[in-house]
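Structure at a glance
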Amino acid sequence: MKTVLILIDIQNDYFSGGRCELENPIAAARQARSLLDFFRRQGWPTVHIQHVSTRPDSSFFLPDTDGIKIHASIAPETDETV
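Throughout what follows, the structure given in this document is the object of discussion. (Residues numbered from 1 in each chain as written. Predicted model: local features only at pLDDT ≥ 70, side-chain atom pairs only at ≥ 80, totals over all residues. Heavy atoms only, no water.)

Some details on the overall build of the protein
Per the secondary structure count, the protein includes one helix and two strands. Listed by position from the N terminus, the elements making up the protein come as β-α-β. With the C-alpha coordinates aligned to their principal axes, the bounding extent of the protein is approximately 40 × 25 × 20 Å. By the burial criterion, 32% of the 82 residues in the protein qualify as buried. A separation of at least 24 residues holds for 68% of the contacts in the protein among residues at least 6 apart in sequence. For the protein, the exposed area adds up to about 5600 Å²; of that, 52% sits on carbon and sulfur atoms. Across the protein, 8 positive and 11 negative side-chain charges occur, with their mean positions spaced 5 Å apart. (Helix = DSSP H or I, 4+ residues; strand = E, 2+ residues; numbered from the N terminus. Buried < 20%, exposed > 50% of the residue type's maximum accessible area, 1.4 Å probe, protein only. Contact = heavy atoms within 4.5 Å. Areas by Shrake-Rupley, 256 points an atom, 1.4 Å probe, with all protein chains shown as cover. Lys, Arg positive; Asp, Glu negative; His and termini not counted. Charge placed at Lys NZ, Arg CZ, Asp CG, Glu CD.)

Structure (structure tokens):
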């Protein structure tokens, strides 16, 4: 079995100014960052899941918007899978 960190939908639309702002996303991102730092120090793999909506009636995670970008606080490194 292999250990991997999967970070799902930590994207700009969930943060202040986004189209679907969540309650306290900064605290959640800090926790994710703590795990991400640990995995990076161990040299373990990390996968960033990025949601991009394909539904025509969707109100967030729209293609070609800043909202779909992974939040800067957990930005993937070049060797990490998105």
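Following the structure, the description resumes.
Quick notes on a nonpolar patch on the surface
Residues Val4, Ile6, Ile8 and Ile49 make up a contiguous nonpolar surface patch of roughly 340 Å² in combined accessible area. You can see Ile8 is positioned in strand β1 (residues 5-8). Owing to a relative accessible area of 54%, Ile8 belongs among the exposed residues under this scheme. (Patch = residues over 30% accessible without salt bridge, like charges linked within 9 Å, V, L, I, M, F, W, Y side chains within 5 Å. Salt bridge = Lys/Arg side-chain N within 4 Å of Asp/Glu carboxyl O.)

Brief notes about the pattern of salt bridges
Where charged atoms of side chains with opposite charge meet at close range, the side chains can pair. Tallied over the entire structure, the rule returns five salt bridges. Lys69 is paired through a salt bridge with Asp66; the nearest N and O atoms lie 2.8 Å apart. Owing to a relative accessible area of 44%, Lys69 belongs among the partly exposed residues under this scheme.

So, the side chain of Gln11
Note on placement: Gln11 falls in the loop between β1 and α1 (25-42). Taking relative accessible area as the criterion, Gln11 reaches 0% and is therefore assigned buried. In terms of polar contacts, Gln11 uses its side chain to reach the backbone amide nitrogen of His51, at 2.8 Å. Beyond its immediate chain neighbours, meaning those up to four positions away, Gln11 contacts Ile49, Gln50, His51, Phe61, Gly67, Ile68, Lys69, Ile70 and His71. (Polar contact = N/O pair within 3.5 Å; in protein donor to acceptor, adjacent residues only side chain to side chain.)

Here we look at the nonpolar core
Taken as a class, soluble globular proteins show a tendency for nonpolar side chains to be buried jointly. Ranked by size, the top nonpolar core spans 13 residues in total, and within it Leu5, Leu7, Ile10, Phe15, Ala32, Leu36 and Ile74 carry the most contacts. Those elements giving two or more residues to this core turn out to be β1 and α1. Looking at which element gives the most residues to this core, the answer is α1, with four residues. (Core = buried A, V, L, I, M, F, W, Y, C linked by side-chain atoms within 4.5 Å.)

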